[in-house]
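Secondary and tertiary structure notes
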Amino acid sequence: GLGLRNFLQQEGGLVQVKDFLPSDLAQEMLEMLKALGQEEWYLSENQSSVDAEHRFWRYEGEKLDKVKSIMQELDPKLHPRLQGAKYESGGKIT
């Protein structure tokens, strides 16, 4: 096989993988994100006129570590950066 690193290079560094997590873990992570208190989310929005217009909330905490560890097992040399995100009305998603 190609190995993950070679596959990513072949595909330009970005791939979309559907159904990556077991469904029970995916559901657990979704429920966890839904249950987070507002104080655990950080607002991300454009800060100047050169920024892309956006407004959403992100979560970067340790409650995503289960998913990070699964990703890390694919290639221990990779260091995945994983965030939860949510848009609310007026979030300027297009």
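Below or above, wherever it landed, is the structure these notes cover.

About the cut-offs
Residues numbered from 1 in each chain as written. Predicted model: local features only at pLDDT ≥ 70, side-chain atom pairs only at ≥ 80, totals over all residues. Heavy atoms only, no water. Helix = DSSP H or I, 4+ residues; strand = E, 2+ residues; numbered from the N terminus. Rg over C-alpha atoms; globule rule 2.2 N^0.38 Å. Buried < 20%, exposed > 50% of the residue type's maximum accessible area, 1.4 Å probe, protein only. Contact = heavy atoms within 4.5 Å. Areas by Shrake-Rupley, 256 points an atom, 1.4 Å probe, with all protein chains shown as cover. Pairing = 2+ DSSP bridges. Axes fitted to C-alpha atoms, helices over the stretch in contact; angles between N-to-C directions. Parallel < 35°, antiparallel > 145°, perpendicular 65-115°, else oblique. Nonpolar A, V, L, I, M, F, W, Y, C, P; charged D, E, K, R; others polar. Salt bridge = Lys/Arg side-chain N within 4 Å of Asp/Glu carboxyl O.

1. Let's talk about the overall build of the chain
Counting its secondary structure elements, the chain contains 3 helices and 3 strands. Secondary structure elements in the chain, listed N-terminal to C-terminal, are α-α-β-β-α-β. At 16 Å, the chain has a C-alpha radius of gyration far larger than the 12 Å of a compact globule built from 94 residues. Dimensions along the principal axes, computed over C-alpha positions, put the chain at roughly 45 × 35 × 20 Å. Here the chain holds 94 residues, and the buried ones make up 18% of them. The long-range fraction of contacts in the chain, counting pairs at least 24 apart against all pairs at least 6 apart in sequence, stands at 52%. Element-wise, carbon and sulfur atoms account for 51% of the exposed surface of the chain, whose accessible area totals about 7300 Å².

2. Things to note about the sheet that holds strand β1 (residues 42-45)
If you trace the 3 strands from one edge of the open sheet to the other, you get β1-β2-β3, paired in antiparallel fashion. If you trace the sheet from one side to the other, it starts and ends with β1 and β3 (84-86), each paired once. Averaged over all neighbouring strand pairs, the angle between strand axes comes to 35 degrees, with direction disregarded. Bridging between strand β2 (residues 55-59) and β3 involves 3 bridges; their strand directions are antiparallel. Bridge pairing links tryptophan 57 to lysine 86 in β3.

3. A look at the packing of helix α2 (residues 23-35) against helix α3 (residues 65-74)
When two helices pack together, their arrangement is captured by the angle between the axes and the distance separating the axes. Contact geometry for α2 and α3: axes closest at 10 Å, N-to-C directions at 140 degrees. By the angle between their directions, the pair α2 and α3 is classed as oblique. Residues Leu25, Glu28 and Met29 of α2 form the contact with α3, whose own contacting residues are Lys66, Val67 and Ile70. The residue makeup of the contact of α2 with α3, split by class, is 4 nonpolar, no polar and 2 charged.

4. Things to note about the pattern of salt bridges
Using the criterion set out here, one finds 8 salt bridges in the structure. The salt bridge involving arginine 5 is made with aspartate 75; its shortest N-O contact spans 3.5 Å. You can see arginine 5 sitting in helix α1 (residues 4-10) and its partner aspartate 75 sitting in the loop between α3 and β3, a full 70 residues away along the chain. The partly exposed category is assigned to arginine 5, whose relative accessible area is 34%. The partner of lysine 63 in a salt bridge is glutamate 40, with the nearest N and O atoms 3.2 Å apart.

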